[in-house]
Amino acid sequence: MKIRHYIGIMLLFIVAFQSCKKDETRAILASGEDIKPATLSLDKTNVTLSKDNAEDTVLHLNMIQPDFGFQAAVTNVLQFGLKGDNFKTVKEVVIPSGRSTVGFTGYELNSYLLALGVSTGTTSEFDVRIKSSINAKITVVYSALAGLKAIPFASTSYLYAIGAYEDWVEANAESLISPTSNGIYTGIINFPEEKLTFKLTPERNWSNSYGETEPGKIVYNGGQDIKAPRAGNLELEVNTTANTISYKDHSWGIIGSATPKGWDADTDMKFDNANQVWKLTVSLTAGEIKFRKNHDWGTNFGGANGSLIAGGANIAVANAGTYDIVVDFNANTYTLTKK
């Protein structure tokens, strides 16, 4: 009798314990139907963008935070997509933690929309929503769609690479250019040894920036310092729609009897991203020079009288001295200016 009584007490304890565990689980994690996605509203549904309002705040979003049923750090990402495209092509913008209201300037909104490949000067329609997530184990939730009509304008946009190569001085950061503001930016940067880290910013300040989550992948207002894969002149391509960054060798140098290294090796030039020209200040002797790409004779230029010719004749340097050299491979011109 005592044994039966004891067993009964133990069974009651186990059932009570399991019941408590279930109650505790429900308190920690809401069921799928109890999760509430973010609520999104835009203060405008129709926007005409132009250079005149590019620096003004042209659109505000207001958001009610999602509720996953428990306290956790939520990442909210604003997604722009083409209307009816089901976000097959998407431009994502991370909403700063804790913010429920965000404003966008004309330049910002224009670049986001052009990243989707739409035409300028005509009205396009977009779907906008908020993607909310906690971690990979918990399902992502999306807000209801908000509609937006907008007329983007043609513009050139920039990113700036603030980094160790220029001693982290904002004003000295090289620029990466997107000629049509389609989200793809390119530029060439010379990275010295041991100075490979940098971040990308929409302006030459730290208000907003892109960091790196893993090699080749970037994130807006997050991540670590981006690290170039090697020293030297590298051409960067940044895609802010796909959030990727890639690199390839891209250097030009001078070689020849007039140069410090003769015909044995190149003296590298530096690319001026803002003006899209290559520059070098160097001591030359009387002799000859040519321009070579990537330290190889596969692509080289000679010429005369300021005009470049692919594979052309050696360029004469009549007098020794210190020269400022400027080369424009788009216009196929060069200048040698004796200081």
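- Looking up the protein chain in an unreviewed UniProt entry gives the name SusE domain-containing protein, with the organism given as Sphingobacterium thalpophilum.

## Considering the layout of surface pockets
Empty space among the atoms becomes visible once a probe the size of a water molecule is rolled across them.
Here is step 1 of the chain: Space inside the largest pocket adds up to approximately 700 Å³.
Here is step 2 of the chain: As for the largest pocket, its lining consists of 28 residues, of which Tyr107, Glu108, Tyr158, Pro202 and Glu203 are closest to the centre.
Here is step 3 of the chain: Residue assignment for the lining of the largest pocket shows that the elements contributing at least two residues are helix H2 (106-114) and strand S10 (157-163).
Here is step 4 of the chain: Along the lines of polarity and charge, the residues of the lining of the largest pocket split into twelve nonpolar, eleven polar and five charged.

## Remarks on the pattern of salt bridges
Here is step 1 of the chain: Applying the stated criterion across every chain, the model contains six salt bridges.
Here is step 2 of the chain: Between Lys131 and Glu92 there is a salt bridge, with the nearest N and O atoms lying 3.0 Å from each other. On the criterion of sequence distance, the pair formed by Lys131 in strand S7 (residues 124-133) and Glu92 in strand S5 (residues 90-94) is long-range, its members being 39 residues apart.
Here is step 3 of the chain: The class for Glu92 is partly exposed, based on a relative accessible area of 22%.

## Structural notes on the packing of aromatic side chains
Here is step 1 of the chain: Tallied over the entire structure, the rule returns 14 aromatic pairs.
Here is step 2 of the chain: Ring geometry for Tyr107 and Phe153: centres 6.3 Å apart, planes at 55 degrees, overall tilted. With Tyr107 in helix H2 and Phe153 in the loop between strand S9 (146-151) and S10, this pair connects stretches of sequence that are 46 residues apart.
Here is step 3 of the chain: Using a relative accessible area of 41% as the deciding quantity, one classes Tyr107 as partly exposed.
Here is step 4 of the chain: Three or more aromatic residues joined by ring pairs make a cluster, and in this case those are Phe80, Phe104 and Tyr112.
Here is step 5 of the chain: The residue whose ring lies beneath Arg129 is Phe87, and the NZ or CZ to ring-centre distance is 3.9 Å.
Here is step 6 of the chain: Of note, Arg129 hangs over the ring of Tyr142, and the distance from its end group to the ring centre comes to 3.9 Å.

Conventions used here
Residues numbered from 1 in each chain as written. Predicted model: local features only at pLDDT ≥ 70, side-chain atom pairs only at ≥ 80, totals over all residues. Heavy atoms only, no water. 1 Å grid on protein atoms, 1.4 Å probe; cavity = no way out; pocket = protein on both sides within 12 Å on 5 of 7 lines; lining within 4 Å. Points joined across faces, edges and corners; volume = space filled by probe spheres on them. Helix = DSSP H or I, 4+ residues; strand = E, 2+ residues; numbered from the N terminus. Nonpolar A, V, L, I, M, F, W, Y, C, P; charged D, E, K, R; others polar. Salt bridge = Lys/Arg side-chain N within 4 Å of Asp/Glu carboxyl O. Buried < 20%, exposed > 50% of the residue type's maximum accessible area, 1.4 Å probe, protein only. Phe/Tyr/Trp six-rings, centres within 6.5 Å; stacked < 30°, edge-to-face > 60°. Lys NZ or Arg CZ within 6 Å of the ring centre and 35° of its normal.

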